[in-house]
Each structure stands twice: as C-alpha cells, then as structure tokens.
Amino acid sequence: MRRSFALVAAALVTGALAVPASAADGDGKFTIKDPRITESSGLAASRQHPGVYWTHNDSDDGAYLYAVDGSTGETVATITMSGVGSPRDVEAVSIGPDDQLYVGDIGDNLGGSWPYVWIYRLPEPKELKDRTIRATQYVVKYSDGPRDAESLVVHPKTGRVYLVDKNEKGGHLYEGPARLSASGSNTFRPVAAVPDLEATDATLSPDGEHLVVRSYFGSIAYDWNGGRIKRAERLGVPFLGQGESVTYTADGTKLMYGAEGADSPVEPQDAPGSGGSDSPSGRGGSAASDGGEGLDGKLRTGAIAAGAALVVLFALRKLRRRP
C-alpha cells in the first residue's frame, strides 16, 4: 500500500500520544499472533464459525486467507486460493449470502494506473483446517477510469458487490453489476459520494441496513438506503496504529477495528444504534468534523503538529546536554 511519509508519521505519533479508546464492555479485543500476518488489511466476521475472523496480508503475500480465533488471536486455518493467479494487492475481504467469501484484490500502489483489478469468490469452509479452495476470479473495471481502492462490501441479502475508492479528499461508493460475471469484465459505477474520508476499509451490517467506512483516523456511519447512502453519524475509532480494517460482528452489535503490523491488535466498539454510547462521537479516540475540513485533515494536521513539537523538544534536550 502506498502511503505518504507524513501520513505514516501522523499515525505513529497519534497512536503514541493518544490514550487508547476503551473496548466496548472491556472485552472482545485480541491480538493477531500469527507471525505470517504482518499487514492485516481486511477483516470479515465468520457467520458459520462464531468468534472467528478472516483476514489477509496486502501486497504480494500470495493467495492466502487466514481464519483467526477472536478469543485467542491464534490462526485456526489457512486457506490457499487456487485458480486466481498471483494477487497484486489484496486489500479487503467480505462475506456475502450463502457463506461466500469475497476477496478484493483492488489496491493500486501506482495510484490508479492498472486498467483492471480483481475480485475472488470462494465458499467459506464448514470445517476450519488448512486447505486449498478453488476460487472464481472476476475482472473489475470502473466506469470513470482506474483508481485505488481498499474497501469492498457485499450486501448480505442481494449479494451485490460494492467498492469504495481511496482518495485523500474523499471518494465514492461504486456499485457492481447485479451479478458478477466470470467472463469478460464487470463495470462498477459511482452511486454516492463518500466525502471527508481516505477510505481504508468498509463494512455492511448483517441486516444490510447500515454501512460504516473507516479511514486511518476515523469512521463514518451511513444508512444504506438501497445503496444511495445517507450519512448518519461520525464515529470514533480506537488508536491501534495504522488503521486498515473494520467489520461488524456476526450479531451486528459491535464493530471490530484492526490495524497493520506484526502482532496487530483488533478492538471492538459499539456499533451505531446498539445503545452502547450516548453520543455519536463518543465511541473512540477520534471524531469526524461536520465543518469544511475533512475528518482525516484535522487529525492528520494535529498529529503532525504534535510530532513536530516532539522533534523540537528532543533537539532542545540534546542542546542542554552539550558541555
């Protein structure tokens, strides 16, 4: 995944300076312990296996999916996808109707230069063990030209696939065909704006009524409204480092937020409308802005300013130590 130095520095400084947001009810958080998983870029809560979360690395790790037990953080199954060639930049995973796993090989580290990207679909195994599963590969194009994306959701009732592109100034929700075709290409078209966020992941509630889109520094909840989304509220997110993933729990009461890195943490927050918070922005350590400056803009600016202050402080301390 392509990141600016300022953005990475902001994420690190923000995580270092902020007090971590408390997990809902004080439990449910875990750490991904598998040393192979160093760039967890997507999460999907299993419907068949309670408490299990599917994740993957991004970039060129290979055609692998990992089933992680949320009670221990241990990997309980590794799936190797066959029939998909060599993935380029896997950024998202979602579960659709009939327990089908959808994997988004949709990242574009060259800033939107690839003429097409891919989505893979495979059945979620009923038994969790290491195995190889043949996946169906779909070619994806955008009606308005190539772009970078890290967010994929599948509507739990219709099975329709949606993507959110990644842009510092905000992106759009793209709608795919009613049914993906394995022959030819599938054109995704913009149906709604997703402003004020540099989207790194998204998730649909199990009932298909609510969409949450996250960024490195915050998230926004939308009413689904048949795909013509309406902004509902701004949400806080826990500071975990470089925030890359989010999923609803299988019962829809919590949002699980994850991050990249070795031993990456995953923490729950109350889902919108679950009754666990008294205010829209009270569920985490960051909040969106309703004003002109975007959600990420204010937090990035504040984090970079804090980092600059630390640099100055360390420089002064070094000067004082000199004889």
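Up top you'll find the structure we're talking about.
Student: Help me understand the overall build of the protein in this model?
Tutor: When its secondary structure is counted, the protein shows 2 helices and 21 strands. Evaluated residue by residue, the protein yields a buried proportion of 52% over its 323 residues. For the protein, restricting intrachain contacts to residue pairs at least 6 apart in sequence, the fraction spanning at least 24 positions comes to 56%. For the protein, the exposed area adds up to about 13600 Å²; of that, 50% sits on carbon and sulfur atoms.

Student: Looking at this structure, how should I read unusual backbone geometry?
Tutor: Located in the positive-phi region is Asp98, a residue other than glycine, with phi close to 60 degrees. Considering the arrangement of structural elements, one finds Asp98 in the loop between strand E6 (92–96) and strand E7 (100–105). Unusually for a residue other than glycine, Asp99 sits at a positive phi of about 55 degrees. Secondary-structure assignment places Asp99 in the loop between E6 and E7.

Student: Even after reading the chapter, I still don't get the side chain of His49, so can you show me in this structure?
Tutor: As for its placement among the helices and strands, His49 is situated in the loop between strand E2 (40–45) and strand E3 (52–57). The class for His49 is buried, based on a relative accessible area of 12%. Looking at His49, its side chain comes within polar contact range of the main-chain oxygen of Pro125, at 2.8 Å.

Student: Just checking my understanding: could you explain the pattern of salt bridges for this structure?
Tutor: Inspection of every chain in the model, using the stated rule, returns 8 salt bridges. Across the pair Asp144 and Arg147 runs a salt bridge, and its minimum N-O distance is 3.3 Å. Taking the relative accessible area as the measure of exposure, Asp144 reaches 40% and is therefore partly exposed. The shortest N-O distance in the salt bridge between Lys166 and Glu150 comes to 2.9 Å. With Lys166 in the loop between strand E12 (161–165) and strand E13 (170–175) and Glu150 in strand E11 (residues 149–154), this pair connects stretches of sequence that are 16 residues apart. You'll find Lys166 and Glu150 in the same group, each marked buried. Through salt bridges that share partners, Asp144, Arg147 and Asp165 make up one connected network.

Student: Help me understand the side chain of His155, please; the structure alone is not making it clear to me.
Tutor: Here His155 is to be found in the loop between E11 and E12. Not counting the four nearest positions on each side in its chain, His155 is found in contact with Pro97, Arg160, Leu204, Gly208 and Trp224.

Student: Please clarify how the nonpolar core should be interpreted in this entry.
Tutor: In terms of nonpolar packing, the biggest core is built from 20 residues, with Trp54, Leu65, Met81, Leu101, Val103, Tyr120 and Leu122 touching the most fellow members. Those elements giving two or more residues to this core turn out to be E3, strand E4 (64–69), strand E5 (75–82), E6, E7 and strand E8 (117–123). Not counting chain neighbours up to four residues away, the residues in contact with Tyr120 comprise Met81, Val84, Pro87, Leu101, Tyr102, Val103, Asp105, Ala135, Thr136 and Gln137.

Student: Please explain the sheet that holds strand E21 (residues 265–270) as it appears in this structure.
Tutor: The strands that make up a sheet pair up through hydrogen bonds in the backbone, lying either parallel or antiparallel. Sheet architecture is open: 4 strands sit in the order E1-E21-E20-E19, paired in antiparallel fashion. Edge positions in the open sheet fall to strand E1 (30–31) and strand E19 (243–248), since each of these has one partner strand only. Where E1 and E21 come together, 2 bridges link them in antiparallel fashion. Paired with Thr31 across the two strands is Pro265, which belongs to E21.

Student: Which parts of the structure should I look at to understand the pairing of E21?
Tutor: Consecutive side chains of a regular strand alternate in pointing toward one face of the sheet and then the other. The buried count for E21 comes to 5 of 6 residues, which makes it a mostly enclosed element. Both strand E20 (residues 254–259) and E21 contribute to a ladder of 5 bridges, which runs antiparallel. Its bridge partner being in E21, Gly258 is matched across the sheet by Val266. Connecting E20 to the antiparallel partner E21 that follows it, the hairpin turn spans 5 residues, and Gly261 within it adopts a positive phi of roughly 110 degrees.

Student: What should I look at first to understand the sheet that holds strand E10 (residues 136–142) in this one?
Tutor: One open sheet holds the 8 strands; their spatial order is E6-E7-E8-E10-E14-E13-E12-E11, and the pairing between them is mixed. Because the sheet does not close on itself, it has two edges, and the strands there are E6 and E11. With strand direction ignored, the average angle separating the axes of adjacent strands in the sheet is 30 degrees. Where E6 meets E7, 5 bridges bridge the pair, whose relative direction is antiparallel. Considered in E7, the bridge of Gly96 is made with Gln100.

Student: Explanation requested: the packing of aromatic side chains in the structure shown.
Tutor: How two aromatic rings sit relative to each other is set out by the distance from centre to centre and by the angle between their planes. A full pass over the atoms with the stated rule returns 5 aromatic pairs. Ring centres of Tyr216 and Phe217 lie 6.4 Å apart, and the angle between their planes is 65 degrees; on these two criteria the pair is classed as edge-to-face. For Tyr216, a relative accessible area of 5% gives the class buried.

Student: Before we go on, may I ask you to explain the environment of Asp98 in this structure?
Tutor: Note on Asp98: relative accessible area 70%, which makes it exposed. Along the primary structure Asp98 and Pro156 are separated by 58 residues, whereas in three dimensions their C-alpha atoms are 8.9 Å apart.

Student: What is the right way to look at the pairing of E5 in this model?
Tutor: Here E4 pairs with E5 via 5 bridges, running antiparallel. Paired with Val68 across the two strands is Thr75, which belongs to E5. Sheet topology note: the E5/strand E9 (residues 131–134) ladder contains 4 bridges and is parallel. In the strand pairing of E9, Ser82 is matched with Arg134.

About the thresholds
Residues numbered from 1 in each chain as written. Predicted model: local features only at pLDDT ≥ 70, side-chain atom pairs only at ≥ 80, totals over all residues. Heavy atoms only, no water. Helix = DSSP H or I, 4+ residues; strand = E, 2+ residues; numbered from the N terminus. Buried < 20%, exposed > 50% of the residue type's maximum accessible area, 1.4 Å probe, protein only. Contact = heavy atoms within 4.5 Å. Areas by Shrake-Rupley, 256 points an atom, 1.4 Å probe, with all protein chains shown as cover. Polar contact = N/O pair within 3.5 Å; in protein donor to acceptor, adjacent residues only side chain to side chain. Salt bridge = Lys/Arg side-chain N within 4 Å of Asp/Glu carboxyl O. Core = buried A, V, L, I, M, F, W, Y, C linked by side-chain atoms within 4.5 Å. Pairing = 2+ DSSP bridges. Axes fitted to C-alpha atoms, helices over the stretch in contact; angles between N-to-C directions. Phe/Tyr/Trp six-rings, centres within 6.5 Å; stacked < 30°, edge-to-face > 60°.

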